[in-house]
Amino acid sequence: MQPTTPLGDLLASPRYLPRLTENDTKPIQRALAGATLFDDGVSLDGVVVEAAYAVAEPEVLDHLREQRVPVLIDPQSLRLSTPAYMSNTRLGSLPYLPSAPLTPSSSASDRDHFVADALRFQQKVGATYYLVPSIPLRNDPGWAELHHDLTARAASANGREVDSRELVALLAPGSAALRSPRAFVSRLLDLPIAAVYAQPLALDPITDSVDKLARVWSFCHELEEAGIPVIAGRVGAFGLVLQALGVSAFDSGIGMGERYSWADQVRRPKPKQDDKAAGGGSGKRIYLEQLLSTLPAKVVEALLRLEGVRGRLVCNLGCCRVAGHAGLVDRRGEHYLFSRVHEVEQLRAQPTSSLRLHEVHQHLLAARDLAAVARRGLKDLGDSEAPAPTFSHLETWLSLLARAEQLKATEAPVN
Ligand SMILES: [Zn+2]
């Protein structure tokens, strides 16, 4: 058996890790297989599989193992610090659920059992690296200590309760932790961790302000500067902007306009709505690499009716090479995977960080130009089912690139 890729090697250059749930079985299988006998499937650098999906031991996990794709299992432990999980049917099948929510008052033995059981589960379903089952860094007293304690317990259970694997710390900062990452970073450096999975508790890269996105980047940057590679959670196309600014990797769900709201996630589920709240809304959505946007299918169909736009939205990747735009809505999952992998590959091909920054900057400028044309076209069409998106995130992300560069310049030692 080939040795596992060390995490440091994997994260030494930009990576995209798709986040897999039970809704993604078909697109991932089709994308791995390729569109025809003559097409190669998509080549994945790694995946993040939600525990509630992994628990059913889906066949797709075997395929990923055969293709030696590194697997991280998201223990979904951020949801276990309030009672909401107790009435959630999807989470109910996880074998390591604590009998009461994990809080700063949880006992030492409850913490130990929880951590060991969660790691055992990850080992059983084939995790390549362990993701520490941890809790949100809420603003109230006691949560930072609980977070550190769970991470330390995972480190000591690693190799004792389970086979030894590299450990990824889970850092889910609330607003206070996001403002002052330094304290967390220095404590983490005392523990044997290989990387951090960072998931801000409230993040919407499409509508958040430049200030907010700058704090998210600074948080990741602080870790990277300390030599800890970061996987940024559920960021969608914003992941490219983070990577242009030195963040190693990101994950995002397939075909989603990503955002994350922990508060929505732990709200008691409304009937039939369950997990949609955290996933960025319902409805079919299609990712357009040229616009760095995941748009409702109706809007994409309208864009493909526009003369001056259609030709600029051609996809030559394995997902669409044969079919062109026909049936794109039914291939949106594969198209998402191929597109996202492709844009990160483009970035990885740039040998220096300044060239990566340049690449993403140019991509954003081109997207902004095309967005202006697309908006005019959609307004002229006047189709009420396909309203023109604002695409304002492109401007926000361009501002962030400029601001982050200034911040980095002021960080440099002055002689
Ligand atoms: Zn495509």
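Residues numbered from 1 in each chain as written. Predicted model: local features only at pLDDT ≥ 70, side-chain atom pairs only at ≥ 80, totals over all residues.

## What about the overall build of the protein chain?
Of the regular secondary structure elements, the protein chain holds 17 helices and 12 strands. For a compact globule of 415 residues, the expected C-alpha radius of gyration is about 22 Å, and the protein chain comes in at 21 Å, within 12% of that figure. In the protein chain, which comprises 415 residues, the proportion classed as buried is 47%. For the protein chain, long-range pairs separated by at least 24 residues make up 70% of all intrachain contacts whose partners lie at least 6 apart in sequence. (Helix = DSSP H or I, 4+ residues; strand = E, 2+ residues; numbered from the N terminus. Rg over C-alpha atoms; globule rule 2.2 N^0.38 Å. Buried ≥ 20, exposed ≤ 12 C-beta atoms within 10 Å, placed from the backbone. Contact = placed C-beta atoms within 7 Å.)

## Topic: the sheet that holds strand S3 (residues 71-74)
Sheet architecture is open: 8 strands sit in the order S3-S2-S1-S9-S8-S6-S5-S4, paired in parallel fashion. The strands lining the two open edges of the sheet, one partner per strand, are S3 and strand S4 (130-131). Of the strand pairs in this sheet, S4 and strand S5 (residues 167-171) are connected by 2 bridges, and their pairing is parallel. Directly across from Tyr130, in S5, lies its bridge partner Leu167. (Pairing = 2+ DSSP bridges.)

## With respect to helix H16 (residues 353-381)
An ideal rise of 1.5 Å per residue puts 42 Å on 29 residues; H16 measures up with 41 Å between its terminal C-alpha atoms. Along H16, the residues that are buried comprise Arg356, Leu357, Val360, His363, Leu364, Ala367, Leu370, Ala371, Ala374 and Leu378. At its buried positions, H16 is contacted by helix H10 (238-244), helix H13 (297-303), helix H14 (307-310), helix H15 (332-348) and helix H17 (392-411). Downstream of H16 by one or two residues, Gly382 has phi in the positive range, about 65°. (Expected span 1.5 Å × (residues − 1).)

## Quick look at the nonpolar core
By size, the foremost hydrophobic cluster in this structure holds 125 residues, and its most contacted members are Val168, Val196, Cys220, Val230 and Leu242. Ranked by residue count, the leading element in this core is H16, at 8 residues. Inspection of this core shows a minimum of three residues originating in each of domain 1 (7-265) and domain 2 (286-411). Setting aside anything within four residues of it in sequence, one finds Leu242 in contact with Trp217, Cys220, Ala232, Val235, Val247 and Phe250. (Core = buried A, V, L, I, M, F, W, Y, C linked by C-beta atoms within 7 Å. Domains from an automatic or database assignment.)

## A word on helix H5 (residues 108-124)
Taking 1.5 Å of rise per residue, the 17 residues of H5 would be expected to cover 24 Å, and the 24 Å separating its terminal C-alpha atoms lies within 8% of that figure. Listing the buried residues of H5 in full gives Phe114, Val115, Ala116, Ala118, Leu119, Phe121 and Gln122. Taken together, the buried residues of H5 touch helix H3 (51-54), S3, S4 and helix H6 (143-157).

## A short note on the pairing of strand S11 (residues 285-288)
Where burial is concerned, the two faces of S11 agree: the one with Arg285 and Tyr287 and the one with Ile286 and Leu288 are both buried. In the sheet, S11 pairs with strand S12 (residues 293-296) via 4 bridges, with the strands oriented antiparallel. If you follow Ile286 over to S12, its bridge partner there is Leu295. Connecting S11 to the antiparallel partner S12 that follows it, the hairpin turn spans 4 residues, and Leu292 within it adopts a positive phi of roughly 45°.

## Considering the confidence of the model for the protein chain
Summing up the model confidence of the protein chain, the mean pLDDT is 92 and the portion of residues at 70 or higher is 94%. In the model, residues 273-281 has pLDDT below 50 throughout and makes 19 contacts with residues more than four positions away in sequence or in other chains. (pLDDT = per-residue confidence, 0-100.)

## What to know about the pairing of strand S1 (residues 15-20)
In terms of burial, S1 is largely enclosed, as 6 of its 6 residues are buried. The alternating pattern of S1 places Arg15, Leu17 and Arg19 and Tyr16, Pro18 and Leu20 on opposite faces, both of which are buried. Strand direction decides the pairing type here: S1 and strand S9 (residues 249-253), joined by 5 bridges, are parallel. Paired with Arg15 across the strands is Ala249, a residue of S9. Both S1 and strand S2 (residues 47-50) contribute to a ladder of 2 bridges, which runs parallel. By the bridge assignment, Arg19 is partnered in S2 with Val48.

## So, the environment of Glu385
Mapped onto the secondary structure, Glu385 falls in the loop between H16 and H17. With 9 C-beta atoms counted inside 10 Å, the residue Glu385 sits in the exposed group.

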